[in-house]
Amino acid sequence: MHDQMKLQMFTYNKHFQEYQKNEFVMDFITDPCVQSILQILSSSGSWTPLRVSKVAKVEVDSVPCTIVNMDLFNKLFRQGLVRESGMIFKCFDEYVEGFTISDELRKMHLMEESDHYDLFSENEKKEFIFQIFKHICLGGDICQFEDNVNPYLDTSKSLYKDLVSVYKDANSKELKTRSHVFKISALVSTISLPIENFIIVIENNFQKSSTLPGCVLQNLTNNDYCIHLLNVDSMHIFD
């Protein structure tokens, strides 16, 4: 995972409406200031600024972000997948799409033949926190995997808490997320930009400090938005 994920943060002080997400993203990635700072992972494996003269088209897909606790992952602890101790059941090595599958957890994510492939519903798999968890579990093609699921869960929880804000509903008293999460991709003429693995998280009335390196913002006004831009080098995140 080292140097395969980068988080950058921007602030935005105009009003944002979700139905304007395509226009917002187009304006964002074509802004000269953003282009001079925004970094992408090149084919050589190094991070370089994104500098393009013209973006012909952007595609912006909403990523569900409704989860406010880790209860979703309780179903992992079942016979044949993860033991109560957190130890992951092993399996014979198989190779799928560049990944070595040596345990049942990775097998669940990548192989429809897995006995646990349908453990999570399609809607659950689309949730932002599940997609983070999946990326942490799979990593890259030379990722050093864990024997215990708890480091995956702890890291996913930490990332999610740093990226997403919640609030208490005045009527129901329930916690709800206030963040908008979008997957973005773009085209320069007919050439796809290498930003298909970018995720934008937009938060209004951001009132917390991030524990991620280099990401500390506090006490923005009600009219300010915090924009997290997460770039990950994995073909399987947010698919």
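For the structure, see preceding data.
What comes next is a walk through the structure. (Residues numbered from 1 in each chain as written. Predicted model: local features only at pLDDT ≥ 70, side-chain atom pairs only at ≥ 80, totals over all residues. Heavy atoms only, no water.)

With that settled, the discussion passes to the overall build of the protein. Looking only at helices and strands, the protein features six helices and twelve strands. Taking all 239 residues of the protein together, 47% fall into the buried category. Looking at the protein alone, contacts between residues at least 24 apart form 64% of all its contacts between residues at least 6 apart. In the structure as shown, the protein presents an accessible area of about 12,900 Å², 48% of it carried by carbon and sulfur atoms. (Helix = DSSP H or I, 4+ residues; strand = E, 2+ residues; numbered from the N terminus. Buried < 20%, exposed > 50% of the residue type's maximum accessible area, 1.4 Å probe, protein only. Contact = heavy atoms within 4.5 Å. Areas by Shrake-Rupley, 256 points an atom, 1.4 Å probe, with all protein chains shown as cover.)

Judged by nonpolar contacts, the single largest core of 30 residues is most densely connected at F73, L76, L105, F128, F133 and V149. Within the residue set of this core, elements represented by two or more residues are α3 (104-110), α5 (128-138) and α6 (150-163). In terms of residues, this core owes the most to one element, α5, which gives seven residues. Three or more residues apiece are contributed to this core by two domains, here domain 1 (5-65 + 181-232) and domain 2 (71-163). (Core = buried A, V, L, I, M, F, W, Y, C linked by side-chain atoms within 4.5 Å. Domains from an automatic or database assignment.)

On to the environment of S62. Along the polypeptide, S62 turns up in strand β4 (residues 57-62). For the pair S62 and K21, spaced 41 residues apart in sequence, the C-alpha separation works out to 9.0 Å. In this view, S62 contacts E18, K21, V181 and F182; residues no more than four positions away in its chain are not counted. Of the polar contacts made by the side chain of S62, one reaches the side chain of E18; its length is 3.3 Å. (Polar contact = N/O pair within 3.5 Å; in protein donor to acceptor, adjacent residues only side chain to side chain.)

A word on the side chain of T177. Position of T177 among the secondary structure elements: in strand β8 (residues 175-177). Here T177 is in contact with C65, T66, I67, V68, Y160, V164, S165, V166 and Y167, once residues within four sequence places are set aside.

Most peptide bonds are trans, and most residues other than glycine sit at a negative phi. Even without a glycine there, the phi angle at K173 is positive, about 65 degrees. Looking at where K173 falls in the secondary structure, it is placed in the loop between β7 (166-168) and β8.

Turning our attention to a nonpolar patch on the surface. There is a patch of nonpolar side chains on the surface, built from V68, V166 and L175 and spanning about 220 Å² of accessible area. Residue position: V166 is located in strand β7. (Patch = residues over 30% accessible without salt bridge, like charges linked within 9 Å, V, L, I, M, F, W, Y side chains within 5 Å. Salt bridge = Lys/Arg side-chain N within 4 Å of Asp/Glu carboxyl O.)

A full pass over the atoms with the stated rule returns five salt bridges. Residue E124 is joined to K75 by a salt bridge in which the shortest nitrogen-to-oxygen separation is 3.1 Å. Residue E124 is located in helix α4 (residues 122-126), and its partner K75 is located in the loop between β4 and β5 (90-96); the two are separated by 49 residues in the primary sequence. Among the ionic pairs, D147 bridges to K90, the shortest N-O distance being 2.6 Å. In this pair, D147 sits in the loop between α5 and α6 while K90 sits in strand β5, placing the two residues 57 residues apart along the sequence.

What follows concerns helix α1 (residues 21-30). Inspection of α1 places K21, F24, V25, F28 and I29 among the buried residues, and these make up the whole buried set. For α1, the buried positions fall inside an angular range of 115 degrees around the axis, keeping them on one side. (Arc of directions from axis to C-beta.)

Below, the discussion takes up the side chain of K125. Relative to the helices and strands, K125 resides in helix α4. At 2.8 Å, the side chain of K125 and the backbone oxygen of Y117 are in polar contact. When sequence neighbours within four positions are dropped, the list of residues in contact with K125 reads Y117, F120, F130 and Q131.

It is worth spelling out the pairing of strand β6 (residues 99-103) at this point. Burial within β6 is extensive, with four of its five residues counted as buried. Inspection of the sheet shows β5 paired to β6 by four bridges, in the antiparallel sense. Opposite E94, over in β6, you have I101 as the bridge partner. The turn linking β5 back onto β6 is made up of two residues, and E97 within it adopts a positive phi angle of 50 degrees. (Pairing = 2+ DSSP bridges.)

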